[in-house]
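# Topology and contacts: notes
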Amino acid sequence: MTLVTHVLACEMEHGLVLVDVGIGSADIASPTPRLGRSARLSGAQLRTADTAAVQIEQLGFARTDVTDVVATHLDYDHIGGFADFPNATLHTTGAELAEARTPQRTTGGNGRYRRAHIDAITRSRTYTRCDAEILGLSGHSLNNLDGMYLLPIPGHTRGHAAVALRVPGRDWLVHAGDAFMHRDAVTPPSESSPSLSGRAIRAVEMLMATDRTQVRANHRALMNLRGSAIRLFCSHDAQQFNDLRQEQDTIAPKL
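Since this is a predicted model, take the numbers as computed values, not measurements.

## Concerning the overall build of the protein
Counting its secondary structure elements, the protein contains 12 helices and 11 strands. A principal-axis box enclosing the C-alpha atoms of the protein has dimensions of 45 × 40 × 35 Å. Across the 255 residues of the protein, 49% fall into the buried class. Long-range pairs, those at least 24 residues apart, make up 61% of the contacts in the protein between residues at least 6 apart in sequence. Per element, the accessible surface of the protein, about 11900 Å² overall, is 47% carbon and sulfur. Here the protein holds 26 positive side-chain charges and 27 negative ones, and the gap between their average locations is 7 Å.

## A short note on the pattern of salt bridges
Taken as a whole and judged by the stated rule, the model has eight salt bridges. For Asp84, the salt bridge identified is with Arg63, shortest N-O distance 4.0 Å. Of this pair, Asp84 sits in the loop between α5 (76-79) and β4 (89-93) while Arg63 is found in the loop between α4 (52-58) and β3 (66-70), placing the two residues 21 residues apart along the sequence. Judged by relative accessible area, which is 10%, Asp84 ranks as buried. Overall, the relative accessible area of 26% leaves Arg63 in the partly exposed class. A salt bridge links Asp119 to Arg115; the nearest nitrogen and oxygen atoms lie 3.6 Å apart. Of this pair, Asp119 and Arg115 both sit in helix α8 (residues 115-119), separated by four residues, roughly a single helical turn.

## Some thoughts on the nonpolar core
Formed by 20 residues in total, the largest nonpolar core has its most connected members in Val69, Leu74 and Phe85. Those elements giving two or more residues to this core turn out to be β2 (15-19), α4, β3 and α6 (94-101). If you tally residues by element for this core, the top one is α4, at three residues. Non-local contacts of Phe85, meaning those with residues more than four positions away in its chain, are made with Leu18, Val21, Ala52, Ala53, Ile56, Arg63 and Val66. If you look at the next biggest cluster of nonpolar residues, it comprises 19 residues, including Leu137, Ala185, Val186 and Leu232.

## A look at a positive patch on the surface
On the surface, a cluster of positive charge is made up of Arg202, Arg212, Arg216 and Arg220. The leading source of residues in the positive patch is helix α10 (residues 212-223), at three residues.

## A closer look at the sheet that holds β3
If you walk across this open sheet you meet the five strands as β1-β2-β3-β4-β5, and the pairing is mixed. Only two strands of the sheet have a single neighbouring strand rather than two, namely β1 (8-12) and β5 (124-127). Between one strand axis and the next, the sheet turns through 20° on average, direction left out of account. Here β2 runs beside β3; their pairing, made up of four bridges, is parallel. Its bridge partner being in β3, Leu18 is matched across the sheet by Val69. Across the face of the sheet, α6 comes into contact with β4 and β5 while running at roughly 100° to β4.

What counts and what doesn't
Residues numbered from 1 in each chain as written. Predicted model: local features only at pLDDT ≥ 70, side-chain atom pairs only at ≥ 80, totals over all residues. Heavy atoms only, no water. Helix = DSSP H or I, 4+ residues; strand = E, 2+ residues; numbered from the N terminus. Buried < 20%, exposed > 50% of the residue type's maximum accessible area, 1.4 Å probe, protein only. Contact = heavy atoms within 4.5 Å. Areas by Shrake-Rupley, 256 points an atom, 1.4 Å probe, with all protein chains shown as cover. Lys, Arg positive; Asp, Glu negative; His and termini not counted. Charge placed at Lys NZ, Arg CZ, Asp CG, Glu CD. Salt bridge = Lys/Arg side-chain N within 4 Å of Asp/Glu carboxyl O. Core = buried A, V, L, I, M, F, W, Y, C linked by side-chain atoms within 4.5 Å. Patch = residues over 30% accessible without salt bridge, like charges linked within 9 Å, V, L, I, M, F, W, Y side chains within 5 Å. Pairing = 2+ DSSP bridges. Axes fitted to C-alpha atoms, helices over the stretch in contact; angles between N-to-C directions.

Just distances and angles here, no functional claims.
See the structure below:
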């Protein structure tokens, strides 16, 4: 299996907004204390050049240009790099931040959330009451981030959410985080046969879920979002990531 962590960078009038941030520079400098032994045992390749901070600098931005980070959830491979962006405010669901700050052993939270990452969140906005319906799902409009929405879809974690972004000239991008981990999960059986890698990744997905029944329901709901006006992708599918990288000159225009 080859997995990635997909960080979406959105250039907006007031600054740069990231959807998730991946592993951070401090994590790579001290992987075992900050990430735990599981990151090493997984065979993860930890390279400073792959961090979101370095990659946005290569695009001509400064780390201080990142004003906001919208988190699908707070697992270490999604939020470890938050400390690399000193001006950023975190946006996530109230349920997710509460769970991360007081993780419960019964939901696996004590293994997936890392104290150093959560303590680095000093500026945050949390969302508890849905005020919009987006693509047939209830969602939260985000403070000062026009056209971006959190769509709560718990199951992977208790407060997990997808992030929907309305892009002029392209309609909707939906970053589903870990609501699914391989494209097979949201592809109708009539359109493709399950791959070996897809089955393996989905097995891992179920092992990590806080609610497996809800994860399966999320797959069905997200499958119904597919269409020409919606680009749906998850955090860890390498093929989806590579396909979108090839279109990077059009997927993040200035809003």
